Amino acid sequence: MDELTRGVLRFEKNIYPERKEFFDKLIARQYPRALFITCADSRVVPNMITDSEPGDLFTIRNAGNIVPPYGEALGGVSASIEYAVMALGVKHIIICGHTDCGAMKAVWHPESAEELKCVKNWLVNGKDARKRAMAKKLPEERQLQEITERNVVVQLEHLRTYPSVARALAAGKLEIAGWVYDIEHGKVLEYHAEGDEFRVLRV
């Protein structure tokens, strides 16, 4: 806690004064370019991965970058999606999974989360990803990556069930994307629906 406190004091003393003009522009309201839905994993830092500034991303973080289907679990995720699309008017939504994800390991081996009741209940939203991945009969060393990728695809499908998202997509006012951040190599893979595959992200 002391190190975090010292970090706050460094921000107040050095960073904020040096960039006060920039921060002043954020006082009145926010104009995020995208809604970024990702895992709560401490190694995944959305603004670092996207090389973006405060104010650029409206962010939802939870175990496993989960988007429950609309109406099944109305709460923080659904409220944030609705607010981002309808109130903030974001033009892009990105669902970003990552390698070595603890939540996906628990989806892969549900028995490992047996004593974590809340985690187990939450990760029910990833069971379809596991089913699709395991149906491919891949070698064991490839299974976790496949579950991670399929989970992003499943959550994109869930995202489309939100009325605000469906309307914005139909009107051409919104684009959605699925990413997987490769922690080991510092690369991002992007989902391509036409080939049902993930490829290294390119402009």
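Computed from a prediction, not measured in an experiment: that's the story for all the values here.

Parameters at a glance
Residues numbered from 1 in each chain as written. Predicted model: local features only at pLDDT ≥ 70, side-chain atom pairs only at ≥ 80, totals over all residues. Heavy atoms only, no water. Salt bridge = Lys/Arg side-chain N within 4 Å of Asp/Glu carboxyl O. Buried < 20%, exposed > 50% of the residue type's maximum accessible area, 1.4 Å probe, protein only. Helix = DSSP H or I, 4+ residues; strand = E, 2+ residues; numbered from the N terminus. Core = buried A, V, L, I, M, F, W, Y, C linked by side-chain atoms within 4.5 Å. Contact = heavy atoms within 4.5 Å.

**Describing the pattern of salt bridges**
For the structure on display, the rule yields 18 salt bridges. A salt bridge links Lys105 to Asp100; the nearest nitrogen and oxygen atoms lie 2.7 Å apart. For Lys105, a relative accessible area of 35% translates into the label partly exposed. Overall, the relative accessible area of 37% leaves Asp100 in the partly exposed class. Of the charged contacts, one joins Lys136 and Glu146 as a salt bridge, the two residues approaching to 2.7 Å between their closest N and O atoms. Of this pair, Lys136 sits in the loop between α7 (127-134) and α8 (140-159) while Glu146 sits in helix α8, placing them 10 residues apart in sequence. For Lys136, a relative accessible area of 41% gives the class partly exposed. Accessibility expressed as a relative area gives 4% for Glu146, which makes it buried. Connected via shared salt-bridge partners are Lys136, Arg142, Glu146, Glu149, Arg150 and Asp196.

**Describing the nonpolar core**
Membership of the largest hydrophobic core comes to 26 residues, with the highest contact counts inside it found for Leu35, Ile37, Ile81, Val90, Ile93, Leu159 and Val165. Elements that contribute at least two residues to this core include exactly β1 (34-39), β2 (57-62), α4 (76-87), β3 (92-98), α8, α9 (163-170), β4 (175-182) and β5 (187-192). Beyond its immediate stretch of four places on either side in the chain, Val90 contacts Pro32, Arg33, Ala34, Leu35, Ala84, Val85, Lys173 and Leu174.

**A few points about unusual backbone geometry**
In this structure, Asp51 takes a positive phi of about 50° despite not being glycine. Along the chain, Asp51 turns up in the loop between α3 (46-49) and β2. The class for Asp51 is exposed, based on a relative accessible area of 72%. Backbone geometry places Asn65, a non-glycine residue, at a positive phi of 45°. The residue Asn65 is located in the loop between β2 and α4 in this model. The buried category is assigned to Asn65, whose relative accessible area is 2%.

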